[in-house]
Amino acid sequence: MLEVCSLTVDYRTRAGNVRAVDHVSLSLEKGQTLGVVGESGCGKSTLGFAVIRLVQSPGTISEGSIVIDGTDIMRLSEEEIRRVRGRVGFIFQDPMTSLNPVKKIGDHFVELIHTHEKNVNKKEALKRAAKILESLEIRSERVGDYPHQFSGGMRQRVMIGLGLALNPKLLIADEPTTSLDVIVEAQILELMNQLKRDYNLTLILITHNIGIIAEMADTIAVMYAGQIVEMGRTEDIFEDPLHPYTQGLLKSAPNIMHPERSMITIPGSPPDLISPPSGCKFHPRCPNAFEPCALREPKLIQRGQRLVACHLYD
Amino acid sequence: MSRAGSTGRILVQLLPRFVQLKGRGVAGWTVIIGSVLVASIVVITILAPWISPHNPIAINVGPILAAPTPEFPLGTNHLGQDMLSRIIWGGVTMLQVAVISVAVCLAVGLPIGLLATYAGGLPDKVSSLVMDSVYAFPGLVLAIAIAAMLGRGVVNMSVAIAVVYVPSYYRIVRSQVLTVKELPYVEAARALGGRSGTILFRYVLPNVVPSIVSVATINFADAILTAAGLTFVGLGLSVAVPDWGWDLTYGRQLLPAGAWWVITFPGVMIVLLALGFTLIGEGLSEIMSPRLEQ
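What this report covers is the structure whose coordinates are included nearby. (Residues numbered from 1 in each chain as written. Chains lettered and ligands numbered in written order. Predicted model: local features only at pLDDT ≥ 70, side-chain atom pairs only at ≥ 80, totals over all residues.)

Okay, the overall build of chain B next. Broken down by element type, chain B carries 11 helices and zero strands. Along chain B, helices and strands appear, N-terminal first, in the series α-α-α-α-α-α-α-α-α-α-α. Counting the 294 residues in chain B, one finds 41% classified as buried. By sequence separation, contacts in chain B at least 24 residues apart represent 69% of the contacts at least 6 residues apart. (Helix = DSSP H or I, 4+ residues; strand = E, 2+ residues; numbered from the N terminus. Buried ≥ 20, exposed ≤ 12 C-beta atoms within 10 Å, placed from the backbone. Contact = placed C-beta atoms within 7 Å.)

It is worth spelling out the packing of helix α4 (residues 83-119) of chain B against helix α7 (residues 154-181) of chain B at this point. How two helices pack is summed up by the angle between their axes together with the distance between the axes. All names here are of chain B. Contact pair α4 / α7: the axes reach a minimum separation of 6 Å and the direction vectors enclose 35°. For α4 against α7, the interelement crossing comes out right-handed. Tallied by class, the residues present in the contact of α4 with α7 amount to 23 nonpolar, seven polar and two charged. (Axes fitted to C-alpha atoms, helices over the stretch in contact; angles between N-to-C directions. Left-handed = near helix turned anticlockwise from the far one by under 90°. Nonpolar A, V, L, I, M, F, W, Y, C, P; charged D, E, K, R; others polar.)

In terms of nonpolar packing, the biggest core is built from 163 residues, with Val36, Leu205 and Val222 of chain A together with Ile161, Val204, Ile224 and Ala227 of chain B touching the most fellow members. Here this core gets 17 residues from one element, more than from any other, and that element is helix α9 (residues 196-232) of chain B. (Core = buried A, V, L, I, M, F, W, Y, C linked by C-beta atoms within 7 Å.)

Residue and element names in this part refer to chain A. Pairing in this open sheet of four strands is antiparallel, and the strands run β2-β1-β4-β5 from one edge to the other. This sheet does not close on itself; its edge strands, each paired only once, are β2 (16-28) and β5 (71-72). Bridging between strand β1 (residues 2-13) and β2 involves nine bridges; their strand directions are antiparallel. Residue pairing in the sheet places Val4 in a bridge with Leu26 of β2. Running at roughly 65° to β2, helix α1 (residues 44-51) makes contact with β1, β2 and β4 (59-68) of the sheet. (Pairing = 2+ DSSP bridges.)

This part takes up the interface of chain B and chain A. Taken residue by residue, the interface counts 15 residues in chain B and 19 residues in chain A. Counting only elements with at least two residues in the side of chain B that touches chain A, the list comes to α8 (184-191) and α9 of chain B. Here the residues of the side of chain B that touches chain A sort into eight nonpolar, four polar and three charged.

What follows concerns the sheet that holds strand β10 (residues 227-233) of chain A. Residue and element names in this part refer to chain A. Reading across the sheet, the eight strands line up as β6-β7-β8-β3-β9-β10-β12-β11 and stay open at both edges, with mixed pairing between neighbours. Strands at the two margins of the open sheet, each flanked by one partner only, are β6 (88-91) and β11 (301-303). Averaged over all neighbouring strand pairs, the angle between strand axes comes to 20°, with direction disregarded. Bridge count between β11 and strand β12 (residues 306-308): three bridges; the pairing is antiparallel. When the sheet's bridge partners are listed, Gln302 is paired in β12 with Leu307.

Below, the discussion takes up α8 of chain B. Most of α8 of chain B sits out of view: six of its eight residues are buried. By the burial criterion, the buried members of α8 of chain B are Tyr185, Val186, Ala188, Ala189, Arg190 and Ala191 of chain B. Against α2 (78-87) and β6 of chain A together with α7 and α9 of chain B lie the buried residues of α8 of chain B. Within two residues after α8 of chain B, Gly193 of chain B carries a phi angle of roughly 90°, on the positive side.

Looking now at the packing of α9 of chain B against helix α10 (residues 244-254) of chain B. Residue and element names in this part refer to chain B. Two elements in contact, α9 and α10, have axes separated by 8 Å at closest approach and are oriented at 45°. Of the possible angle classes, the one that applies to α9 and α10 is oblique. Considering how the two elements wind past one another, α9 and α10 form a crossing that is right-handed. Between α9 and α10, the residues in contact are Ala227, Ala228, Thr231 and Phe232 and Trp244, Gly245, Trp246, Leu248 and Thr249, respectively. Taken together, the residues of the contact of α9 with α10 sort by class into six nonpolar, three polar and no charged. (Parallel < 35°, antiparallel > 145°, perpendicular 65-115°, else oblique.)

Residues and elements named next belong to chain A. Despite not being glycine, Arg53 shows a phi value in the positive range, around 60°. Within the fold, Arg53 resides in the loop between α1 and β4. The class for Arg53 is partly exposed, based on 16 C-beta atoms found within 10 Å. For Asp69, which is not glycine, the phi torsion reads 50° and is therefore positive. For Asp69, the position within the fold is in the loop between β4 and β5. Among the residues examined, Asp69 registers 15 C-beta atoms within 10 Å and is labelled partly exposed.

Encoded structure:
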């Protein structure tokens, strides 16, 4: 369904080159959910945008290939990629600002549908919008309302509706619940799970919330400083995290099964990507760092069912 | 549907909105007072052919340089022209110049600001450079230079004024576009495959309009003052057109002779009209800019 190979995104800033995504490869089967986790600024969102070639200037995709459902994304013209974009659903981080304040909810749908399906008239598009909203438990007569008349959770449901309006096979959700409270978050996640089953969606879920990933994802990719440092099946990673960074991430999240365990933070903060550390980019913060870590960059190697980039497993 | 019918319908639709302004506190009242001022002057101007007691450009309709009397309530000037008739007719030029120059400003500043800024990079740099250079000139001096080059006439005067004020539109539009184009909903539209044109006109433009409206209203006032200034220095219309600016010019020469009425009344009219537009503009910008609400 999705095949990303050696994808590299650079932001060429005045201060220097920032490699936000560094040779990331991943592949995703139809109907699977991939969770991408990592701290702020590790390149998760950029990766999500890059999949539909939506990297904002001064960023560029400097290397790599992306194949969605047999289509080589990197070879498409601007007009062709524009058409693909609607077919790949995209759900944004902040529902409060992701809808155009001067457009009615229904018109968001009408425009989206009309952009991609010329022959659909406004009435039909509105009918479809109403149906989608109904399925997301928003009363259909509210298509005439403006975004500010909706609550945060409802807006996020609208965003999800927009993401699903053109029956995409691939849905990219960039922190879909970050700005929502936990109850609404649970509802949205339940909804996404159900939609995933109903439409047999392939989902890329980008988040820093380990709990969401545990609940939703089949596969996890852990990103650090633009690179995938560990990737594997969700159960495996939760049971036995290999990379010290993954271990740190899991320890820093509250665990309801073991409330007596205190949360342990990872000291320091993600590196400045203009001048990243030598060798393994995690070594300055790594509790297990030893001699080769500062010298050589670890390769992403296969270990059982898992991929991991750490000198501990060389 | 007849034109009168549709005008009536528009008025009926506008009326409740106007009443809504009352709930907006001081800003609402500012807009209401400004609108009343402007509307009265517009009505007087429209009704000029019927309500003006004399021909505004005919000379010797009354005594020369007479102080206000019941027959000539605002006095007469040195040519024996009736000042009241001249005041009633004089608004035409001012309003024409104001409307045309603001229209030209919008027609030039808005598209350039929108397209160049949205495109970014070189187009943005070049247009900003040009606009900033124009902006750096003192307004009236530049208007005088252009008006002198173009010659007389309502349109030429409006163009001269428009050139001066285009950069302020451009800058307002630019700052708005810069903000709006980075907002998540614009990015969302792009991610969902929206065309650049659609994004520009349906997402960016409508969110730029409110600030443009308040700038435009305030610019009406600026245009009127600049127009009066241009006429005052002798670059306005021909003497045969009744114009508050001309009356100011004459009035200045007549003031030492004790004829205060020739300069006072056109001066007051210019101030009232400019004040009206300024009040509307300030009030609107206060109502429409969210940071000033609460």
